[in-house]
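An overview of the molecular structure
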Amino acid sequence: MMSKNILVVGGGTPDKFGNQFVKKARDDGNRVIDFSHKDHNTNHIDDRYINYDDIKQVKSKCVELANELPVIDIIVFNQNGSGYPGSVTQLFKEPNPIEYTKTIARAVTIPHLIIASLYENLIAGSKVVYMGTTMALQYEREMYPEIAGYPGAKSFAMHLISAMARCRTKEITFSCMCPYFLYDKPDLYTHIFNQTYNYILTHDDSVNGKIVNQLNGFENPYVPGKVQYAKQ
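Residues numbered from 1 in each chain as written. Predicted model: local features only at pLDDT ≥ 70, side-chain atom pairs only at ≥ 80, totals over all residues. Heavy atoms only, no water.

Comments concerning the overall build of the chain
Put simply, the rule reads: Helix and strand assignments come from DSSP, with helices taken as H or I runs of at least 4 residues and strands as E runs of at least 2, each series counted from the N terminus. Atoms counted for the radius of gyration: C-alpha only. Globule rule: 2.2 Å times the number of residues to the power 0.38. Throughout this description, buried means an accessible area under 20% of the type-specific maximum (1.4 Å probe, protein chains only), exposed means over 50%, and partly exposed covers the range between. Whether two residues are in contact is decided by their heavy atoms: any pair within 4.5 Å suffices. Note that accessible areas follow from Shrake-Rupley with a 1.4 Å probe, and for residues the cover is restricted to the protein chains shown. Just so you know, the count uses Lys and Arg for positive and Asp and Glu for negative, and it drops His and the chain ends. Where a charge lies is defined by one atom per residue type: Lys uses NZ, Arg uses CZ, Asp uses CG and Glu uses CD.
Across its full length, the chain carries 6 helices and 8 strands. Reading the chain from its N end, one meets helices and strands in the order β-α-β-β-α-β-α-α-β-α-β-α-β-β. A compact globule built from 232 residues would reach a C-alpha radius of gyration of about 17 Å, and the chain, at 17 Å, matches this within 12%. Considered along the principal axes of its C-alpha atoms, the chain spans approximately 50 × 40 × 40 Å. Taking all 232 residues of the chain together, the buried fraction comes to 48%. When contacts within the chain are restricted to residue pairs at least 6 apart in sequence, those whose partners lie at least 24 apart make up 67%. Total accessible area on the chain is roughly 12100 Å²; 53% of this is exposed by carbon and sulfur atoms. For the chain, the centre of its 24 positive side-chain charges and the centre of its 24 negative side-chain charges are spaced 1 Å apart.

Remarks on helix α5 (residues 149-166)
Cut-off, in case you're wondering: Helices are assigned an expected span. That span is 1.5 Å times one less than the residue count.
The end-to-end C-alpha distance of α5 is 26 Å, a good match for the 26 Å that 18 residues give at a rise of 1.5 Å each. The complete set of buried residues in α5 reads G149, Y150, P151, A153, K154, S155, A157, M158, L160, I161, M164 and A165.

Quick look at the structure:
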């Protein structure tokens, strides 16, 4: 397999999927740029701090990367975190417009800006993968019913990726993934990690516009339009 130029947005946290993806992809011979919202002091030239609350800085980082890498083969949006509102208290207090803005910016506006800023560097065959959540598609879920901001923002972003997939102007493959990483079950986590990693590196245009859900050893909630993929 030829080496690829990959941008991971949200791959800095040690011992989590994004960081492990970055390390494995590098070990496999790929050039991987990691945009992280924290400076983890790795001293790796391709690990770059990015402040999601500073639109100008995000744009500047993207311009630098566009000049550095004429072709970007894969972009993975893996940024995660809490969203607003996310508690019973927040649901019934006067809303905080600033927190709403931050939630949408981090989950939706920043990915949109990055795609737009690097669009000329994406070529036919390039791939954009947004890490979503099944919570975004479950309106009567029993788990965490008080959380609205996180799944709401993810849903917005997944609709954005779906629109890009259907209205694309060149053959870039846009897809969303809804994996569930069971870090407390190492064997199962390894299985899920390998499936997800292999999908990101090897999927083709047949999944353009799809929500992809991995076969991870237990019954998954139904995801409309999902594509299931087996262990590679």
